Amino acid sequence: MERVVDRSISAALFTDAGRGDLPARSRTVVVGGGIIGASVAHQLAEAGEEVLLVEANVLGSGTSWHAAGLVSGSRASSTLTALARYSRSIYEGLERRTGIDVNWRRTGSLSMARIDGRVDELRYQRDVAVQGGVEAILLGPSEIREHWSLADPTGVKSGLLIPGDGHVNPGYAAIAFAKLAHESGATVREHVKVAEVLTSGGRVTGVRTDQGDVEAERVVLAAGLWTRDLARTAGAHVPLYAAEHVHVRTNPIEGAVATLPVLRDLDASYYIRHEDGRLLVGAFEPQGKPRPVDQIPTSGFAEFAPDWDHFHSVRVQAERTVPAMQSAGYDRFLNAPESFTPDANFILGETGEVANLFTAAGMNSQGIIFAPAVGRELAAWMLAGAPQFDASSVDVRRFSRHQANRRYLHDRTREGLGRLYAMHWPNLQMSTARNVRRSPLHERVAANGAAFGEVNGWERANWYEEPGAAAEVVYSYHRASWFDRVAEEHRAARENIAIFDLSPFAKVEVAGPDALAVVQRTFTSNLDVPIGRAVYTLQLNSAGGIALDGTVTRLADDRFLVVMPSATQDATLAILRKAATGAAAAVFDATAGFATILVTGPRSRDLLERVSPEDWSDDAQPHLTGRQIEIADGFAYALRVSFTGELAYELYVTSDLAVNVFDAVWAAGKQLGARLAGYYALDSLRSEKGFRHLGHDMGPTDDPRSSGLWFAVDLDKGDFIGRAAVAASTPADLKHRTVYFSIDDPQPVLVHDETVLRDGVVVGRVLSGSFGHTLGRAVGLAAIDPSADIESGNWTVECGGRPYAASFSRRPLYDPAGTRMRG
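All values derive from a computational prediction rather than experimental measurement. (Residues numbered from 1 in each chain as written. Predicted model: local features only at pLDDT ≥ 70, side-chain atom pairs only at ≥ 80, totals over all residues. Heavy atoms only, no water.)

A. Structural view of the pattern of salt bridges. Counted according to the given criterion, the structure contains 52 salt bridges. Notably, a salt bridge pairs R25 with E215, separated by 3.9 Å at the nearest N-O pair. One end of the pair, R25, is in the segment before β1 (28–31); the other, E215, is in strand β11 (residues 212–215), and 190 residues separate them in sequence. D127 is paired through a salt bridge with R126; the nearest N and O atoms lie 3.3 Å apart. Because the salt bridges share partners, they merge into one network encompassing R25, R27, E49, E50, E215, E217 and R218. (Salt bridge = Lys/Arg side-chain N within 4 Å of Asp/Glu carboxyl O. Helix = DSSP H or I, 4+ residues; strand = E, 2+ residues; numbered from the N terminus.)

B. Geometry of helix α1 (residues 35–46). End to end, α1 covers 16 Å across 12 residues, agreeing with the expected 16 Å (1.5 Å per residue, within 8%). By the burial criterion, the buried members of α1 are I35, I36, G37, A38, S39, V40, A41, H42, Q43, L44 and A45. Note on α1: the residue one or two positions beyond its end, G48, has a positive phi of about 95 degrees. (Expected span 1.5 Å × (residues − 1). Buried < 20%, exposed > 50% of the residue type's maximum accessible area, 1.4 Å probe, protein only.)

C. Up close: the side chain of T359. When you line up the elements, T359 lands in strand β20 (residues 357–361). Discounting chain neighbours no more than four positions away, the residues touching T359 are L221, V238, I347, L348, G349, T351, L378 and V396. (Contact = heavy atoms within 4.5 Å.)

D. Quick look at the side chain of E275. With respect to the secondary-structure elements, E275 resides in strand β15 (residues 270–275). Here R249 takes part through its side chain, which lies 3.0 Å from a polar atom of the side chain of E275. If near-sequence neighbours (up to four positions away) are discounted, E275 is found in contact with E2, V4, R249, L280 and R332. (Polar contact = N/O pair within 3.5 Å; in protein donor to acceptor, adjacent residues only side chain to side chain.)

E. Summary view of helix α9 (residues 367–384). If you check α9, its first and last C-alpha atoms are 24 Å apart, about what 18 residues at 1.5 Å a residue would give, namely 26 Å. At A373, α9 shows its largest kink, close to 35 degrees. Across the 18 residues that make up α9, a large majority, 14, are buried. G385 sits one or two residues past α9 and shows a positive phi near 85 degrees. (Bend = angle between axes of the 7 residues up to and from the residue.)

Listed below in structure tokens is the structure:
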């Protein structure tokens, strides 16, 4: 018999020691005995680590017990698909390993599309799945009923069948992982409430519980929706928030058989799975119901009252598709809390504020899908000192501190719950919790037609409409509504002048007698350079993977300005502050203190000469140098670097003078026919030039050689983080080769992770791409097998299920000056 919503779980199923005394010390304490914490404890214990797993109630009684148990081998990116596929393989053999009946059922899953955009999404998901080794089959409308006999496919345009998917009893799966941890030597204790994470000198020292303190070198917070508040006791910010998640169960239905695939009617916001001759229907409705933690019982197996009114719209849609449910009626309404994050991706890794405080939480109702892989990857991360997979999209440090604010999270979570089934459009922007974090120039660019998006909580102009015109946003897997506007901005940068507000760039100053030693130890390039020199550089993790990239400029003998991507602000601060520990150097976050105005294009000097009395010649300010300048009615620091491939100057202006300088620059720019430009144009420009984008083109498992960035590594300057790993590598050790490409047909646009083939054989995948408006076709970067001969063969890129001929090169396709990164 299948079991869901099972309250019979506890450690007593495999040990009578679950209520024993707490040890005074354990090398690692894992807080939270749900499926995530149990999986982490299992992997650490199996690796020989000393582990204490503590749960406030009984194992699995937080979120795991009431999950629907859906298991999928494919997600929306190559990285997440690899994690999901691994997890699915573990469930397939979990009962054999543990003797715990986890009710694994390989039923397959079937996702349906009712709108054209969803058809495109399913095609894209099919490509990513197949690339990741997951069988996935696109179905026509007439084939839906062959796999789901109870469904009325009226209005369905297509489907995606993944035969290897299924479902599991989530509570018993949590018990199974805890049993594996116990058998590998972990101590498992129930009814232990952790009240505080203990720290000293910025490092974890243990936990305080209702049964006494436990000393520890490392602490893992896998406490689900309580993780945010526990992290806060240590001064760390973990942005997640609870919401009600609902699933209901029908009375018995004829034809509701165990072989029915999991049905996802994505455009109607619900899923259906079989349960003991009945159908379980769950909702990811567009308007979720957030719940503060003080409204959630702490005694385990927490539930809220049924809310049939809130569930009504989903119920109507589900009963229209499966009419048998309407007459059958329902025998259970489960309404219980789960936790969600601001960007709908889960949270993993070491916090930026506290060393050796790790997180594994905020699973956005995907904890069952990812639990085995999360355990494996976090354990590997902790043991190796660096992530062993591309953690860019799930690293806890990707968030701004303010995103852990409870009012902000409450607002965002109304939308976040529904994001799982909402359309996953390329460049989709959240609509809740907006206009919180603004640049000093926000009102100015808004008045000039800025269409805003959000990254790391920052409001940023993605493109510009005519002033006063409302942006009519139409998302698409093809050419979105902003395509022509971005093309105009792109051409302005290539042919004349474009002006960008880049104020969200992370700006950090390192100052003091040991400032040089700190930045030399942190970054890969030699930064012992003349005052005013800017250097493009990398920051590596201990395994030699790329954690950061950006510029470091020497402002004085003892002062350096570090500029990194806006999404890495907290990570940059954490890395530099850790490097400065014990040194005579201070690390200042200058991000909000300065606006950044980028003036770029072949006539940039003409503009700047109109607003500044300085000499703007090459002799006065060569490439990759910075200087203090007089401009408008104030002063700024001008840095001659570029992410566009054209002549460019980044003007760093204190926030009090930012509007004055912007007004002067824009007034002079309009006289010269300049355009304001947004981040989509910047992405298009950098894609043509082949400049890398952190988190897409390289990340924590990509080494500088494979990413084509070896020029930014100086092994002769002395030691730096990750030096030992990269010094041991040779050109023959490439994991992949990063190359440049364009699609020959001018119609397709790129998302990411498209499959690359040579003579019909898969040799790699797209890292990132955009439409190159100068070249007139889609362009990007790809990671390919280093043994593939790029000079020969028939190269194609698979876009939306169709192969398109493509041109590949070892050099950027737009490279008039042969400049390197930020040149």
